Amino acid sequence: MAEANWYVVHTYSGYENKVKANIDKTIENRHLEDQILEVRVPLQEVVELKNGAKKQVQKKMFPGYVLINMIMNDDTWYVVRNTRGVTGFVGPGSKPVPLTEAEMRPLGIKSEEVIVDFAEGDTVMVIGGVWKDTIGVIQNMNHGKQIVTINVDLFGRETPVEIGFAEVKKL
């Protein structure tokens, strides 16, 4: 299987979040979760001074750009390139160029693989977040996004919930 890399997509200015939402929806509809792993609009904390009051706000690091972690092939290229609001990939001509490790480091994107002691079918307990102390069986694991999907009992029904690797422990 081909390796996933980070690519930069140019969008209309102000459409970054809409492009992210559209790509996320297309990934879900076309079941491309294993090929397009993550879509990000890089944000940074900034202190603004308005009317003498300091306020902590999040601003886009690169207005007009969205980062995508994906396996480049004809399907993924077509899906991203033909998303409303996308003007194209960053790179010469129609050939997208992946970001290097050195380019990703200042963005806070880490590429290390997390090794976990649980697998699909294992019973786990949630140790943090909203579902703390909930017990469930792992239905699905996404190593790219570092999340597990477990079924929890919600209003008498089995409901799938996505939880980060760091928030669960094996029983």
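Residues numbered from 1 in each chain as written. Predicted model: local features only at pLDDT ≥ 70, side-chain atom pairs only at ≥ 80, totals over all residues. Heavy atoms only, no water.

J.: Can you help me understand the pattern of salt bridges in this one?
T.: Any two side chains of opposite charge can pair, on the condition that their charged atoms come close. All told, the structure shown has five salt bridges when counted by the stated rule. Residue lysine 60 pairs with glutamate 16 through a salt bridge whose shortest N-O separation is 3.7 Å. Linking lysine 60 in strand β4 (residues 53-60) with glutamate 16 in helix α1 (residues 16-30), this pair joins segments that are 44 residues apart in sequence. Exposure remark for glutamate 16: the relative accessible area of 1% places this residue in the buried category. With a closest N to O distance of 2.9 Å, glutamate 48 and lysine 59 form a salt bridge. Here lysine 59 lies in strand β4 and glutamate 48 lies in strand β3 (residues 43-50), a separation of eleven residues in the sequence. On the accessibility criterion, glutamate 48 (18% relative accessible area) is buried. (Salt bridge = Lys/Arg side-chain N within 4 Å of Asp/Glu carboxyl O. Helix = DSSP H or I, 4+ residues; strand = E, 2+ residues; numbered from the N terminus. Buried < 20%, exposed > 50% of the residue type's maximum accessible area, 1.4 Å probe, protein only.)

J.: What should I look at first to understand the sheet that holds strand β10 (residues 157-164) in this one?
T.: Adjacent strands of a sheet form backbone hydrogen bonds with each other and so pair up, either parallel or antiparallel. Overall, antiparallel pairing links the five strands, which are arranged β10-β9-β8-β7-β11 in an open sheet. The outermost strands of the open sheet, each flanked by one partner alone, are β10 and β11 (168-170). Along the sheet, successive strands turn relative to each other by an average axial angle of 45°, direction set aside. (Pairing = 2+ DSSP bridges. Axes fitted to C-alpha atoms, helices over the stretch in contact; angles between N-to-C directions.)

J.: I'm lost on the side chain of glutamate 16 in this one. Help?
T.: A polar contact is formed between the side chain of glutamate 16 and the backbone nitrogen of glycine 14, at a distance of 3.2 Å. Beyond its immediate chain neighbours, meaning those up to four positions away, glutamate 16 contacts Thr11, Val41, Lys60, Pro63, Gly64, Tyr65 and Val66. (Polar contact = N/O pair within 3.5 Å; in protein donor to acceptor, adjacent residues only side chain to side chain. Contact = heavy atoms within 4.5 Å.)

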